[in-house]
Amino acid sequence: MNKTVSAMSFYAYRLMVRSTENHLLNYRQLLHQYWVDTYAKIEAERLLFIRLNQKKLRADEYIHLNEDAIKNDSDPANHGKLVILPSTFNGCPRNMHEYAQDAVTSVRHGGKPSVFTTYTFNPNCKEMA
């Protein structure tokens with residue numbers, strides 16, 4: 001994980017606004033592509049870390065893991081080869097399930113929401129000027 005942190009620090013340094021001109025920030029769409037590539041590299045490093053450290057993450061002790069593996073993949077030869085993503089990995093099904101459970105709990109605790117507000121800001125919108 002230390003490698004991922006150092007990569008993130010490197011990319012943060014490259015994108016930092018400085019007193020001297022940062023040429024990378026002047027290339028708009030190329031900069032957007034750079035951001036996408038950077039994000040993909042960091043996510044790949046995170047996934048590699050998770051795949052290589054399944055025992056350290058105690059993935060074999062997750063509740064109902066055996067039943068889910070057998071239900072989803074009936075071939076016993078593949079058992080134990082699946083990579084289990086921790087619920088802290090954004091976007092994985094377990095993470096989404098936790099967010100859904102948190103939403104249900106907050107409604108049970110605080111009651112149904114009475115007001116829902118959404119803010120959208122577009123500097124080019126004439127109504128906002």
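Bear in mind the structure is a predicted one, so any value in this text is a computation, not a measurement.

Participant: Explain the overall build of the protein chain residue by residue, including any values.
Facilitator: Broken down by element type, the protein chain carries 4 helices and 0 strands. In the protein chain, the succession of helices and strands from N to C terminus is α-α-α-α. Within the protein chain, contacts between residues at least 6 apart in sequence are counted, and of these 41% link residues at least 24 apart. Of the roughly 11400 Å² that the protein chain leaves accessible, carbon and sulfur atoms contribute 58%.

Participant: Which residues make up the environment of Arg46, and what are the values?
Facilitator: The topology assignment puts Arg46 in helix H2 (residues 28–52). What makes Arg46 partly exposed here is its relative accessible area of 21%. As for Arg46 and Phe89, which are separated by 43 residues in sequence, their C-alpha atoms are 8.9 Å apart. At a separation of 3.0 Å, a polar atom in the side chain of Arg46 contacts the side chain of Glu43.

Participant: Which residues make up the confidence of the model for the protein chain, and what are the values?
Facilitator: Predicted coordinates in regions of low pLDDT should not be interpreted in detail. Per-residue pLDDT for the protein chain has a mean of 76; in total, 74% of the residues score no lower than 70. Confidence scores differ between elements of the protein chain, with helix H3 (residues 65–72) showing the lowest mean pLDDT of 60 and helix H4 (residues 93–110) the highest of 89.

Participant: Break down the pattern of salt bridges for me, citing the residues and quoting the values.
Facilitator: In the structure shown here, the tally under the stated rule is 1 salt bridge. The residue Arg46 makes a salt bridge to Glu43 at a minimum N-O spacing of 3.0 Å. Residue Arg46 and its partner Glu43 are both found in helix H2; the two are separated by 3 residues, about one turn of the helix.

Participant: I'd love a proper account of H4, names of residues and values included.
Facilitator: Between its terminal C-alpha atoms H4 stretches 26 Å, which fits the 26 Å expected from 18 residues at 1.5 Å a residue. Directly beyond the C-terminal end of H4, a positive phi value near 90 degrees is found at Gly111.

Participant: Explain H2 to me, and be specific about the residues and the numbers.
Facilitator: In this model H2 runs 36 Å from its N-terminal to its C-terminal C-alpha over 25 residues, within 8% of the 36 Å that 1.5 Å per residue would give. Among all positions of H2, only Leu31, Thr38, Ile42, Glu43 and Ile50 are buried.

Participant: I'd like to hear about the environment of Leu15, residue by residue, with values.
Facilitator: If you trace the backbone, Leu15 turns up in helix H1 (residues 2–15). With relative accessibility at 23%, the residue Leu15 sits in the partly exposed group. With 10 residues separating them in the primary sequence, Leu15 and Leu25 have C-alpha atoms 7.1 Å apart.

Participant: Explain the side chain of Gln54 to me, using residue names and the numbers behind them.
Facilitator: By the element assignment, Gln54 lies in the loop between H2 and H3. There is a polar contact of 2.8 Å between the side chain of Gln54 and the backbone oxygen of Ile50.

Rules and cut-offs
- Residues numbered from 1 in each chain as written.
- Predicted model: local features only at pLDDT ≥ 70, side-chain atom pairs only at ≥ 80, totals over all residues.
- Heavy atoms only, no water.
- Helix = DSSP H or I, 4+ residues; strand = E, 2+ residues; numbered from the N terminus.
- Contact = heavy atoms within 4.5 Å.
- Areas by Shrake-Rupley, 256 points an atom, 1.4 Å probe, with all protein chains shown as cover.
- Buried < 20%, exposed > 50% of the residue type's maximum accessible area, 1.4 Å probe, protein only.
- Polar contact = N/O pair within 3.5 Å; in protein donor to acceptor, adjacent residues only side chain to side chain.
- pLDDT = per-residue confidence, 0-100.
- Salt bridge = Lys/Arg side-chain N within 4 Å of Asp/Glu carboxyl O.
- Expected span 1.5 Å × (residues − 1).

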